[in-house]
Amino acid sequence: MTHIKKLTNLLLVTLILFGHNVGTPAIPRECVLNPDTLTQALPQDTLPELTVEKSVVEHKGKTDTYLITKEMRGDAREAGDILGKISGMHYNPLTKALSYLGSGNVKILVDSLERDDDYIKRLNPDRFIKVNITNFPSGKYSGYDVVVNLVTKPLYVGYDGVVIGETRIRPGHNNGKGRNISYWRGIVQATYTREKWNFAFSGYDNGGQEAERRWGEEVFPLNNYYRKNLKTDYSDPNYVSHSNTANFSLWTDYKISDSHSLSLGLFANPSFSKNVNRNMIISGIPEETATEELQTKRNSDHGSFARAAILQYRGKAGLWSIDASAQYTRTSVDRLSSVERSSFRIEDNRHLANDFVWGGIDLSRSFLDSRLGLTLSDHATWTRYTEKGIPDGNLLTSSKDFRNALTAGIQYNPAWNWGIGADIGFNIINSSYADGKSTNVTPRFGLNAMWSSSKVMVRLNYTASTFYPTLAQQQDFGRFTDSLIYSAGNPNLKPNLYHRISAMVNILRNLTISGEYCYSSNMIYNIAGTREGVRPDGINGYYVAFQPHNGRLSNWKANVTYNKTFNRKWTVSVSASVDGRRTVYENERKSRILPSYNWYLMYNSGRHAFQAYLSSSLESGLAISPQSVSWTRSDSYALSLVKFLFSHRLQIVAMWTMPIHMIKRSNRSELISKGYHRVSENDRYRRDDNQINLTLVWRFQGGSKTRSYSRRNESINIY
């Protein structure tokens, strides 16, 4: 409690210094869901001695509550369609992408509970009574621009769900010979609610086989040696990946009372993957006779299995709201890899296991008629990581990790159209491994502000957040992945403290202009160094050693987004961005600027239960480190058709990726270090031409009803 009191006092000082606190994309209390009008009220229902006034939107503090009206339900087929009808909200029913006032940094909940985003968006819209939109959330959702919470009708009884089948077909030799089906997926989702009880099941199984050509050249200057990977025929790609993943979740929710509820979730996630890369390579000493031979690399994950259990409690203690949860997860996998040429073979097989325990509590309270809010949160994780050799079972490396994050937040919205806020706290990271221990303490800090009118909204945001190295990156253990390439971890890695400043201006709820700048002095990069010792070929000499190190990153991004629906039939969405990044590690540095865009035009005919989409995108795929730059330059165009049958219960979706391109496409990676130079390319961007995606969706529901109110022989449904 001493830490909490200190943080609370510090936040109150911050509040006095900066004015007041946090923000809401403030919507005037009288504003409605119709974006073309500023005010609209629903009529009153009047019964003897009972008058119920319905308001479309209510503003309270930093939360806007939208009543779901009959008009909104209209032709809505899923919960996502309902969200798309809220002013300022944009929902793409084809991709399920959701944004609010131009920001895609949205967290979506159902009855204040976390579920898979797509699961929530597919729920039956008839089960919901209202939508709460909370701007600049604090506590466990700090860092999101907005939290969207769909609220189920009280005393609701009913079930609903979907069954989905999807496949992706690459004609000709786009996926290699005999591999026309490159992806398939099946989904089953079902939810049953009976007043205080809710049961939800979600499961999917997907698999794929994708192929591409990979080629390039490697140079080892200190060894006076080079290696060239030759390009194969287009119909005979040398890189093939196979994968299969399943995921099953079961949730049980019980509403003890209006103030208390419990949720229990169980998860299982088996998966398998296998990648094979066969290259004809030419290698040798420059200006001498080269050797040509076949090289085969295999990497696979066998028996990968993750299971988890989550228990969550939501309730109240006096005027404080409580959100507490605990989670246990165990993952295990057999990771097999090998590199083989005529002159040598390297094999590395390991069993990886990770135990993860998480616990957290969030407390929140409102003051001054919800204009002032205070949140306190404490989250802790314990992890244990091991790697053992296969088949001998010898322990190769292990580590234990404890992380604790304590945060307090204060929010103030003195009026519907402006507000400011702050979050402050710290992280403690304690790691122990074979050769020692390390402890790091990093700050957590955030400021945000918002101002709006009926036509313009402005958001400003600053966050200082911590990202941790992966457990594998922290292991003081390495292995040769090639005759001249070694890979190892680094137990001396520091957590990455990431600073982000962003600004956004939304005009008329359709046009959004945004920009951000990010900086980190401890960004984690995989750096190629040089070492000397005995190599897999038995020679004592130089080799390349990849190891993660901390370096500096600065990047900026500017974006313009426009979304608009015309006459309820036509929707246009356009987004264009420019992304610039600069990285530094000691005396090595790289920088790059790349543009990207995506747009779509949708036609919706409610009368004929038909939709058509024309879409395009320019992908940049920028990845950069102080030694390397990887990028993709590829444009694509697609036509999608959607048809609904049997009262919208059956949905058929077909998408064709057109072989039309306006730019010269490429997918290239370059790395330059003292002891290693590499240039590699692939033709992944060509494989999508004329690709066909087919999807079938079957929606079912039943038992939908709500408790009725009866008085003096007259009755109405309350919801």
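Below is a short write-up of the structure. Please read these numbers as outputs of a predicted model, since none were measured by experiment.

How each quantity is defined
Residues numbered from 1 in each chain as written. Predicted model: local features only at pLDDT ≥ 70, side-chain atom pairs only at ≥ 80, totals over all residues. Heavy atoms only, no water. Helix = DSSP H or I, 4+ residues; strand = E, 2+ residues; numbered from the N terminus. Buried < 20%, exposed > 50% of the residue type's maximum accessible area, 1.4 Å probe, protein only. Contact = heavy atoms within 4.5 Å. Areas by Shrake-Rupley, 256 points an atom, 1.4 Å probe, with all protein chains shown as cover. Core = buried A, V, L, I, M, F, W, Y, C linked by side-chain atoms within 4.5 Å. Salt bridge = Lys/Arg side-chain N within 4 Å of Asp/Glu carboxyl O. Pairing = 2+ DSSP bridges.

### A few points about the overall build of the chain
Then step 1. Within the chain, the regular secondary structure consists of 4 helices and 40 strands.
Then step 2. Here the chain, with 719 residues, has 48% of them falling under the buried criterion.
Then step 3. Taking as baseline every contact in the chain between residues at least 6 positions apart, the subset at least 24 positions apart corresponds to 65%.
Then step 4. Taken as a whole, the chain presents about 34700 Å² of accessible surface, with 55% of it coming from carbon and sulfur.

### Describing the nonpolar core
Then step 1. Counting residues in hydrophobic clusters, the biggest one holds 33 residues, and the most contacted among them are Leu83, Ile86, Met89, Tyr100, Val131, Ile133 and Leu150.
Then step 2. Listed in part, the 9 residues of the second largest apolar core include Ile485, Ala528, Phe546 and Leu671.

### Quick look at the pattern of salt bridges
Then step 1. Within this structure, the stated rule accounts for 32 salt bridges.
Then step 2. One salt bridge in this structure joins Arg170 and Asp688, with 2.9 Å as the shortest N-O distance. Taken together, the residues Arg170 in the loop between strand 10 (157–169) and strand 11 (181–194) and Asp688 in the loop between strand 37 (677–682) and strand 38 (692–705) connect sequence positions 518 residues apart.
Then step 3. Across the salt bridge formed by Asp258 and Lys255, the nearest N and O atoms sit 3.6 Å from each other.
Then step 4. Relative accessible area serves as the criterion here: at 72%, Asp258 is assigned to the exposed category.
Then step 5. Residues joined in a network through salt bridges with shared partners are Glu218, Arg227, Glu293, Arg341 and Asp482.

### Observations concerning the pairing of strand 29 (residues 540–566)
Then step 1. Of the pairings in the sheet, the one linking strand 26 (residues 485–488) to strand 29 comprises 3 bridges and is parallel in character. Within the sheet, the bridge partner assigned to Ser487 lies in strand 29 and is Phe546.
Then step 2. Bridge count between strand 28 (residues 511–534) and strand 29: 22 bridges; the pairing is antiparallel. Bridge pairing links Tyr525 to His549 in strand 29.
Then step 3. Counted between consecutive antiparallel strands, the loop separating strand 28 from strand 29 contains 5 residues, among which Gly538 sits at a positive phi close to 85 degrees.
Then step 4. As defined by bridge partners, strand 29 adjoins strand 30 (residues 570–585) across 15 bridges and the pair is classed as antiparallel.

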